[in-house]
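# Remarks on the overall topology
Each chain, written out:
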Amino acid sequence: MNFLLAAVGVLGVASSGPLIAATLGATTVSALAIAFWRNAIGAVVMAAPTALREPRRFGAITAQEFRWSALAAVALALHFACFITSLQLTSVAAATALVCLQSAWIAIFALMRGTRFRWQVPAGLGLAFGGVVAITGFDMGTSPDALLGDLLAVAGGALAGLYTLAGGKARQTMTTGTYTALCYGMCAVLVAVMALLFGQPLGGFEASGWLGIIAITVCAQLVGHTAFNHLLATMSPLLVSMIILLEIPGAAMLAAVFLDETLPAGTYAGLALIMVGLAVVVLGQKRNKTGRTARTGRHADGGPDVPKPLAELGTD
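Conventions adopted
Residues numbered from 1 in each chain as written. Predicted model: local features only at pLDDT ≥ 70, side-chain atom pairs only at ≥ 80, totals over all residues. Heavy atoms only, no water. Phe/Tyr/Trp six-rings, centres within 6.5 Å; stacked < 30°, edge-to-face > 60°. Patch = residues over 30% accessible without salt bridge, like charges linked within 9 Å, V, L, I, M, F, W, Y side chains within 5 Å. Areas by Shrake-Rupley, 256 points an atom, 1.4 Å probe, with all protein chains shown as cover. Salt bridge = Lys/Arg side-chain N within 4 Å of Asp/Glu carboxyl O. Helix = DSSP H or I, 4+ residues; strand = E, 2+ residues; numbered from the N terminus. Buried < 20%, exposed > 50% of the residue type's maximum accessible area, 1.4 Å probe, protein only. Core = buried A, V, L, I, M, F, W, Y, C linked by side-chain atoms within 4.5 Å. Contact = heavy atoms within 4.5 Å. Expected span 1.5 Å × (residues − 1).

### A few points about the packing of aromatic side chains
Scanning the entire structure with this criterion turns up five aromatic pairs. With a centroid separation of 4.9 Å and 80 degrees between ring planes, the pair formed by Phe36 and Trp37 is classed as edge-to-face. The structure contains a cluster of three or more aromatic residues connected by ring pairs, namely Phe36, Trp37, Phe205 and Trp210.

Take a look at the structure:
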């Protein structure tokens, strides 16, 4: 049953890129409209159970929890703006692989803060960013737009890493429902402001456009990420993290089948390098954390050992 649920989760998150690209290409829906409705609907869905069963939790949010949630919301809003726009400029396969570098960015941020990792982490980072060079090198020869799309996807991955770290801080004391409702809600407001500034409409779309928005929200946000959150209660976080990496080839295959997307052989080699590199990074980070927790029973920041937060499951 777990592996069936894992397959559903992979299919859900892998469908994000192809569904967004198809919706943007075939309808009048704007990039920021997708980000807005996805977060607004997600906030309502996540807030409803908490509001009905434990409404006092929203009134008990501390100033520190709000600050971390707000930082996560800003990073998430900018992440969506970068990633969804990148899908209009570069291939679905390249954009998905490059934005999935969030695990590598988290490791880099940790290294910048002085955290020491096993040799697997820098080795994996080298492989992953070798894949980035391969993909961007091929796209540089294809068109300037494709290269810009690649760079936006890389930025989207870095912002996703920041979102994960800020969300992890907030989730140390907040419930999943409270945190996600607050974060998604603030993200939706920020995206609405960006849409107003850049003149991108949030409504008035044709029926097929609304259908695309609903499909993206249900498949990627509610089905895909919910499946992985459920798996965290029954499978090891390491195994779940490894399974999520299947989003990269999954998105490439879906784009090839449904969008007739064909890529140079070198681009596929870059995708493979990123996937292998991220797997090595995940393994290195997990081994480092496991060893540290076994010795101290606490995380590096001195806080208690807590379950993996929702934010760490990705954003696409």
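### Some words on a nonpolar patch on the surface
Nonpolar side chains collect at one region of the surface, where Met1, Leu4, Val8, Ile214, Val218 and Val223 lie side by side and expose about 560 Å² of accessible area between them. Elements with a contribution of two residues or more to the nonpolar patch: α1 (2-14) and α11 (207-231). By residue number, the principal contributor to the nonpolar patch is α11, which donates three residues. Checked against the element boundaries, Ile214 lands in helix α11.

### Describing unusual backbone geometry
Located in the positive-phi region is Asp260, a residue other than glycine, with phi close to 55 degrees. Within the element layout of this structure, Asp260 appears in the loop between α13 (247-258) and α14 (265-296). Residue Asp260 is classed as exposed on the basis of its relative accessible area of 64%.

### Observations concerning the nonpolar core
Ranked by internal contacts, the top residues of the largest apolar core, which has 73 residues, are Ile84, Leu101, Ile274 and Leu278. Top element by residues in this core is helix α10 (residues 176-198). It accounts for ten residues. Discounting residues that sit within four places of it in the chain, Ile84 has contacts with Ile20, Leu24, Ala31, Ile34 and Ala35. Counting nine residues, the second-largest nonpolar core is a separate cluster that includes Val10, Leu231, Met235 and Ile243.

### A closer look at α10
With 23 residues, α10 extends 32 Å from end C-alpha to end C-alpha; this agrees with the ideal 33 Å at 1.5 Å per step. Two residues or fewer after α10 comes Gly199, characterised by a positive phi angle close to 70 degrees.

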